[in-house]
Amino acid sequence: MADLSALKARFIEIYGESAADIAAYHAPGRVNLIGEHTDYNGGYVFPAALTFGTTLLLRPRSDRRIGFASTNMELSKQISIDELHYDVADDWMNYPKGIVVQLAAVGAALTRGYDLLFHGEIPNGAGLSSSASIEVVTAYGLLTAENQPVDKVKIALLAQKTENQFVGVNCGIMDQFAVANGKKDHAILLMCDTLEYRHVPFAAGSCKLVIGNTNKRRGLVESAYNERRRQCEQAVGDLQRLFPELTLLGQLTLKQFQVHSGLIGDPTVRRRAQHVVEEIDRVLQAVRVLEEGDLAAFGKLMTASHVSLRDLYEVTGPELDAMVEAAWAVPGVLGSRMTGAGFGGCTVSLVQEAAVSDFIDRVGREYTEKTGLTPSFYVCDIGDGVKQEEGI
Ligand code: GLA
């Protein structure tokens, strides 16, 4: 957890005196355990919130300006509430700016300005949802400070809309939802079409979740992500000849897909759709085996998910494959897969606690030998979603 008194001292250094009205909020990063590239297809995902994320300190101002500053990112600025526009040069500040604009669009316009100080612990570009974490903590903090109702599902939707419309990234709902609604020691089974969800205890027993950061920035990700989305829409279009009501691949059962996949003309598009429909089914299987305490079966499903993302959806790439394949070969690894959008970023592995240090050694060494990159590893616990920090 961030050192709140050090952050408060920094806040006063940047924005000046009066510690009285400073409030602190925290939103985590997220890791998706299984259910990849299913959210925008109206399917299931199974993410969990991390114990590290973004802390936001804020204090009301007497004018209509917003102060943006961060302890770990370049740039700081003051902008009037009435002049908030997307500007590529403003980099990370576009996320909180977009939230302020979006709050106004939903009838929760700020009544006064605020000074904001962000402290981020999530490596940028690692696919652990640093941007969703900034968006959600900003929305939650500002709504609380304005005495507006805070509904975490609505906050997730508002943050997703900010990402889609203000930042211009065409993501699904998973990241913002997990960051807002996470719960300590639980993963979230979320149906992305209806937003029905439930927290499932993640009883890892003698195992640990280990995140491996390939430290390969996700360069290709945006264009390939949009292309995958288009291919899924194309598959729906083809299937509509038989299922005129179909709007999302997630509405199809596995059986229906198996019988009628021939309707999808382009073989690449058919493979994309196969991944989506099978991955949604894997999420439900994974939750079932987890609830039965069968971690070995859970791990096998994680591994099957990676294979499908590699061979059918084709979003892994040499770095993620090298790390995951090295992980599969280590004794004590129950399963390993890429997590997030792909093309770099992170893997997540389920590892026997006693094997964790051997895992980090071996996977690290083999990964560097194959790619020339130095990875980072985080042995992670599952934390809470967005909340106000007491004791500041
Ligand atoms: C990114 C997006 C999510 C989701 C994943 C893939 O993290 O932001 O909405 O689509 O990729 O599962």
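No experiment lies behind these values; they were computed from the predicted model shown.

**Here we look at the site of the ligand**
No. 1: As a matter of local geometry, the ligand sits amid Arg30, Glu36, His37, Asp39, Tyr40, Cys171, Gly172, Met174, Asp175, Tyr225, Gly340 and Ala341.
No. 2: Arg30 has a polar side-chain atom sitting 3.1 Å from an oxygen atom of the ligand.
No. 3: Glu36 places a side-chain nitrogen or oxygen 2.6 Å from an oxygen atom of the ligand.
No. 4: Here the ligand has 310 Å² of accessible area as a free molecule, and 94% of this is covered by the chains.
No. 5: Each of domain 1 (4–202) and domain 2 (207–380) contributes no fewer than three residues to the shell around the ligand.

**Topic: the domain arrangement of the protein chain**
No. 1: The assigned domain composition of the protein chain is domain 1 (4–202) and domain 2 (207–380).
No. 2: Computed from C-alpha coordinates alone, the two centres of domain 1 and domain 2 are separated by 26 Å.
No. 3: Taken together, the contacts link 35 residues of domain 1 with 44 residues of domain 2.
No. 4: For the domain 1 and domain 2 pair, buried surface summed over both sides reaches about 3200 Å², with 66% attributable to carbon and sulfur atoms.
No. 5: Here domain 1 is connected to domain 2 by two salt bridges.
No. 6: Across the salt bridge formed by Glu291 and Arg198, the nearest N and O atoms sit 2.9 Å from each other.
No. 7: Applying the counting rule to domain 1 against domain 2 returns 15 residue pairs in polar contact (both at pLDDT 80 or more).
No. 8: Looking at the side of domain 1 that touches domain 2, the elements that each hand over two or more residues are strand S1 (23–32), strand S2 (44–45) and strand S8 (197–201).

**Remarks on unusual backbone geometry**
No. 1: For His37, which is not glycine, the phi dihedral falls at a positive 60 degrees.
No. 2: Of note, His37 is situated in the loop between S1 and S2.
No. 3: We classify His37 as buried; its relative accessible area is 5%.
No. 4: You will see that Asp185, though not glycine, has its phi angle at about 60 degrees, which is positive.
No. 5: Residue class for Asp185 comes out partly exposed when judged on its relative accessible area of 39%.

**So, empty space enclosed by the protein**
No. 1: Tallied over the entire structure, the rule returns one cavity of 30 Å³ or more.
No. 2: One number sums up the size of the largest cavity: a volume of about 70 Å³.
No. 3: Forming the boundary of the largest cavity are Gly53, Thr54, Asn72, Met73, Phe118, His119, Gly120, Glu121, Ile122, Asn124, Ser130 and Ile134.
No. 4: Elements represented by at least two residues in the lining of the largest cavity include exactly strand S3 (47–60), strand S6 (114–120) and helix H3 (130–145).
No. 5: Of the residues forming the lining of the largest cavity, the biggest block, three residues, is contributed by S6.

**Details of helix H9 (residues 295–311)**
No. 1: Between its first and last C-alpha atoms H9 spans 24 Å; for 17 residues at 1.5 Å apiece the expected length is 24 Å, and the two agree.
No. 2: The complete set of buried residues in H9 reads Leu295, Phe298, Gly299, Leu301, Met302, Thr303, Ser305, His306, Ser308 and Leu309.
No. 3: Buried residues along H9 sit in contact with strand S9 (207–213), helix H8 (267–291), helix H10 (318–328), strand S10 (333–339) and strand S11 (346–352).

**Comments concerning the sheet that holds strand S12 (residues 376–380)**
No. 1: One open sheet holds the four strands; their spatial order is S10-S11-S9-S12, and the pairing between them is antiparallel. The open sheet has two edge strands with one neighbour each: S10 and S12. For this sheet, the mean angle separating the axes of adjacent strands, direction not counted, is 20 degrees.
No. 2: Here six bridges tie S10 to S11, and the two strands are oriented antiparallel to one another. By the bridge assignment for S11, Thr339 is matched with Cys346.
No. 3: H9 rests against S9, S10 and S11 of the sheet, and its axis sits at about 35 degrees to S10.
No. 4: Seen against the sheet, helix H11 (residues 356–371) touches S9, S10, S11 and S12 and runs at an angle of roughly 160 degrees to S12.

The rules behind these values
- Residues numbered from 1 in each chain as written.
- Predicted model: local features only at pLDDT ≥ 70, side-chain atom pairs only at ≥ 80, totals over all residues.
- Heavy atoms only, no water.
- Near = heavy atom within 4 Å.
- Polar contact = N/O pair within 3.5 Å; in protein donor to acceptor, adjacent residues only side chain to side chain.
- Areas by Shrake-Rupley, 256 points an atom, 1.4 Å probe, with all protein chains shown as cover.
- Domains from an automatic or database assignment.
- Contact = heavy atoms within 4.5 Å.
- Buried area = accessible area lost by both parts, 1.4 Å probe.
- Salt bridge = Lys/Arg side-chain N within 4 Å of Asp/Glu carboxyl O.
- Helix = DSSP H or I, 4+ residues; strand = E, 2+ residues; numbered from the N terminus.
- Buried < 20%, exposed > 50% of the residue type's maximum accessible area, 1.4 Å probe, protein only.
- 1 Å grid on protein atoms, 1.4 Å probe; cavity = no way out; pocket = protein on both sides within 12 Å on 5 of 7 lines; lining within 4 Å.
- Points joined across faces, edges and corners; volume = space filled by probe spheres on them.
- Expected span 1.5 Å × (residues − 1).
- Pairing = 2+ DSSP bridges.
- Axes fitted to C-alpha atoms, helices over the stretch in contact; angles between N-to-C directions.

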